[in-house]
Amino acid sequence: MTNSNAINYPLLASPQIQLHGTVDDAMYNNFKGQLAAATGEGPLVVSITTLGGDPEMARAMGDTIRLLREYTGRETLFLGKVAVYSAGATFMSAFPADKRFLTRGTRLMIHERIMNSTVQLSGPLNTLAPVLLAKLNEIQDSIRIQDEGFAALVEGTNVSLDELRAKAPSNWYIEAEEARNLGLILDII
């Protein structure tokens, strides 16, 4: 029989909010509904299993968690199950590192934001530079948003922002044990 830390964290057995699937508008609506139904006392446990999705929806859910903590002082706990990829890791970054948990065998995947875009240049020459500048501004702002999330993810951990930036372009997969050793999570259950 495998030793389990689950006995040390009984609250994690019954998350009040359980999310799975693609991080998108539907997940955000599901999240808000489950949050509204969650009892207002004691720690709030949120679990997620996701292969990723919309980083802005992950940020929106994370902001809700942050505001709940700041306005009510309620403790919030994160439980990642099986896969916490991409936007799931963005959501995880809204929880302090010492309030994050993964189930055995879970993997995190962290990568840079991805943009698929085509810039079409057509028209008088004086109108083309603003089109290119607008796209450059979009890219630069997206990098700033990405770096804010990366900084939140590594805050209070043994991972530096520079290390995360170096590994993210090639999809950094992190097994639960490594995540615990790096301080990205508190423990494995």
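Scroll up a little and you will see the structure.
Parameters and conventions
- Residues numbered from 1 in each chain as written.
- Predicted model: local features only at pLDDT ≥ 70, side-chain atom pairs only at ≥ 80, totals over all residues.
- Heavy atoms only, no water.
- Pairing = 2+ DSSP bridges.
- Helix = DSSP H or I, 4+ residues; strand = E, 2+ residues; numbered from the N terminus.
- Buried < 20%, exposed > 50% of the residue type's maximum accessible area, 1.4 Å probe, protein only.
- Right-handed = clockwise from strand over helix to strand, strands pointing away.
- Expected span 1.5 Å × (residues − 1).
- Contact = heavy atoms within 4.5 Å.
- Salt bridge = Lys/Arg side-chain N within 4 Å of Asp/Glu carboxyl O.
- Core = buried A, V, L, I, M, F, W, Y, C linked by side-chain atoms within 4.5 Å.

J.: Where do I start with the pairing of strand S5 (residues 107-110) in this structure?
T.: On a regular strand, each side chain points to the face opposite its neighbour's, so the side chains alternate between the two faces of the sheet. In this sheet, S5 lies alongside strand S3 (residues 76-85) in parallel orientation, the contact comprising three bridges. Within the sheet, the bridge partner assigned to tyrosine 85 lies in S5 and is methionine 109. Relative to strand S6 (residues 172-175), S5 runs antiparallel, the two sharing four bridges. Paired with methionine 109 across the bridge in S6 is tyrosine 173.

J.: Sorry if this is basic, but what is going on with the pairing of strand S2 (residues 44-50) here?
T.: Within S2, six of the seven residues are buried, leaving the element largely enclosed by the surrounding structure. Chirality of the crossover, the property in question, places the unit of strand S1 (residues 17-20), helix H1 (residues 25-37) and S2 among those that are right-handed. Direction of pairing for S2 relative to S3: parallel, over a ladder of six bridges. Paired with valine 45 across the strands is leucine 77, a residue of S3. Handedness of the crossover is the feature at issue here: the chain leaves S2, passes through helix H2 (residues 55-72), returns alongside S3, and the resulting connection is right-handed.

J.: What am I meant to see in unusual backbone geometry here?
T.: The general pattern is negative phi for most residues beyond glycine and trans for most peptide bonds. Phi angles above zero are rare outside glycine, and valine 82 is one such case at about 65 degrees. Position of valine 82 among the secondary structure elements: in strand S3. We classify valine 82 as exposed; its relative accessible area is 58%.

J.: It is not clear to me how helix H4 (residues 125-154) should be interpreted in this structure. Could you clarify?
T.: Because an α-helix packs 3.6 residues into every turn, residues spaced three or four apart end up facing the same way. Helix length check: H4 (30 residues) gives 45 Å between terminal C-alpha atoms against 44 Å at 1.5 Å per residue, within 8%. Those residues of H4 that fall on the buried side of the exposure criterion are Leu128, Ile145, Gln146, Phe150, Leu153 and Val154. Each element contacted by the buried residues of H4 is listed here: H2, helix H3 (87-92), strand S4 (100-102), S5 and helix H5 (161-167). Count one or two residues on from H4 and you reach glycine 156, which has phi positive near 75 degrees.

J.: What am I meant to see in the pattern of salt bridges here?
T.: Pairs may arise between side chains of opposite charge once their charged atoms sit close together. Considering all chains together, one arrives at twelve salt bridges under this definition. Note that aspartate 147 and arginine 165 form a salt bridge whose closest N and O atoms lie 3.4 Å from each other. In this pair, aspartate 147 is assigned in helix H4 and arginine 165 in helix H5, connecting sequence segments 18 residues apart. Among the salt bridges present, the one from glutamate 163 reaches lysine 167, with a minimum N-O distance of 3.5 Å. Here the residue glutamate 163 and the residue lysine 167 both occupy positions in helix H5, the gap between them amounting to four residues, near one helical turn. Using a relative accessible area of 26% as the deciding quantity, one classes glutamate 163 as partly exposed. Via salt bridges that share partners, Glu56, Arg59 and Arg113 belong to a single interconnected network.

J.: Teacher, can you tell me more about the environment of leucine 35 here?
T.: In this fold, leucine 35 is placed in helix H1. By relative accessible area, which is 18% here, leucine 35 ends up buried. Between the alpha carbons of leucine 35 and isoleucine 65 there is a distance of 9.5 Å; along the sequence they are 30 residues apart. Ignoring sequence-local partners within four residues, the contact set of leucine 35 consists of Ile17, Leu44, Thr64 and Leu68.

J.: Please clarify how the nonpolar core should be interpreted in this entry.
T.: Generally speaking, a soluble globular protein has its nonpolar side chains buried in company with each other. Counting 41 residues, the largest nonpolar core has Leu19, Phe31 and Phe91 as its most contacted members. Sort the elements by how many residues they give to this core and H2 lands first, with five residues. Discounting chain neighbours no more than four positions away, the residues touching leucine 19 are Met27, Asn30, Phe31, Gln34, Val46, Ser47, Ile48, Thr49, Met61 and Phe91. Counting six residues, the second-largest nonpolar core is a separate cluster that includes Leu77, Leu79, Phe101 and Ile189.

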